[in-house]
Amino acid sequence: MLFPFFPRYRFSNPQTEQNVFVTRWSYLWAGVFGFFYVLFKGMAQRALVAVFVNATIVVMFVGLTGVTSFILPPRQQFMVIVGAIPVLIAIQGTMMVNIVRDGYKKRGWRIRANE
């Protein structure tokens, strides 16, 4: 099961008792929208790190496309690229959620893993 790889979080502000939740669906949205997800969660100061992660994922995808074009026939290259897309979305989603988690931690918010 994939659930251990995508933990849910609840961030609580100790002064205002405001809560922000990260659900398992958040990993998909973070993977698809990248640094926009980080901005949406209120982490503007962490946006530069998120842009770097987005750029790294794009370079990985372009590199995969380039390398496979030299060593694989077109049909197999297509299958590798189609298979790589969900993996890259999961990697980017996890990294973006970690950026948000670390941002709330630096702000002094309480972090609870919801199971």
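In this numbering scheme, every chain counts its residues from 1 along its sequence in written order. Totals for whole chains, interfaces and linings use every residue, but because this is a predicted model, local features are given only for residues with pLDDT of at least 70 and side-chain atom pairs only at 80 or more, for both listing and counting. Remark: hydrogens and water are excluded; side-chain values derive from all non-hydrogen atoms of the structure.

Undergrad: What am I meant to see in the pairing of strand β2 (residues 19-22) here?
TA: In this scheme, a residue with accessible area under 20% of its type's maximum is buried, one over 50% is exposed, and one in between is partly exposed, where area comes from a 1.4 Å probe on protein chains only. Elements are defined by DSSP. Helices are runs of H or I of four residues or more, strands are runs of E of two residues or more, and each kind is numbered from the N terminus. Burial along β2 is one-sided: the residues Val 20 and Val 22 are buried and none of Asn 19 and Phe 21 is. Whether two strands pair comes down to DSSP finding at least two bridges between them. Here strand β1 (residues 8-12) runs beside β2; their pairing, made up of 4 bridges, is antiparallel. Pairing of Arg 10 across the sheet is with Phe 21, part of β2. Hairpin connection of β1 to β2: 6 residues between the antiparallel strands, including Glu 17 at a positive phi of 60 degrees.

Undergrad: So what exactly am I meant to see when it comes to the environment of Ile 71 here?
TA: With respect to the helices and strands, Ile 71 occurs in helix α3 (residues 47-71). Through-space distance from the C-alpha of Ile 71 to that of Ile 91 is 25 Å; in sequence the pair is 20 residues apart.

Undergrad: Sorry if this is basic, but what is going on with the packing of helix α1 (residues 24-33) against helix α4 (residues 74-106) here?
TA: Helix-helix packing is characterised by the crossing angle of the two axes and by the distance between the axes. Helix axes are fitted to C-alpha atoms over the stretch in contact, other axes to C-alpha atoms as well, and angles between N-to-C directions run from 0 to 180 degrees. At a closest axis distance of 7 Å, the pairing of α1 and α4 adopts a crossing angle of 105 degrees. The angle between α1 and α4 falls in the class roughly perpendicular. From α1, Ser 26, Tyr 27, Leu 28, Ala 30, Gly 31 and Val 32 reach across to α4, where they touch Ile 89, Gln 92, Gly 93, Thr 94, Met 96 and Val 97. A class-by-class count of the residues in the contact of α1 with α4 yields 7 nonpolar, 5 polar and no charged. Note that the term roughly parallel is reserved for angles under 35 degrees, roughly antiparallel for angles over 145, roughly perpendicular for angles of 65 to 115, and oblique for everything else. When checking whether two residues touch, look at their non-hydrogen atoms; a contact exists if any pair is within 4.5 Å. Each residue is assigned to one class: nonpolar for Ala, Val, Leu, Ile, Met, Phe, Trp, Tyr, Cys and Pro, charged for Asp, Glu, Lys and Arg, and polar for all the others, Gly among them.

Undergrad: Would you explain the pattern of salt bridges in this entry?
TA: Proximity of charged atoms lets side chains of opposite charge pair with each other. Whenever a carboxyl oxygen of Asp or Glu lies within 4 Å of a side-chain nitrogen of Lys or Arg, that contact is scored as a salt bridge. According to the stated counting rule, one finds 2 salt bridges in the structure shown. With a closest N to O distance of 3.4 Å, Glu 17 and Arg 110 form a salt bridge. Residue Glu 17 is located in the loop between β1 and β2, and its partner Arg 110 is located in strand β3 (residues 110-114); the two are separated by 93 residues in the primary sequence. A salt bridge links Arg 101 to Asp 102; the shortest N-O distance between them is 3.4 Å. Judged by its relative accessible area of 26%, Asp 102 falls in the partly exposed class.

Undergrad: What am I meant to see in the sheet that holds β3 here?
TA: By definition, the strands of a sheet pair up through backbone hydrogen bonds, in either a parallel or an antiparallel sense. With antiparallel pairing, the 3 strands of this open sheet are ordered in space as β2-β1-β3. Edge positions in the sheet fall to β2 and β3, since each has one partner strand and no second. Going from strand to strand, the sheet's axes swing by 20 degrees on average, the running direction of each strand aside. Relative to β3, β1 is paired through 5 bridges, and the arrangement is antiparallel. Looking across to β3, one finds that Ser 12 is bridged to Arg 110. Contacting β1, β2 and β3, α4 runs over the sheet at an angle of about 25 degrees to β1.

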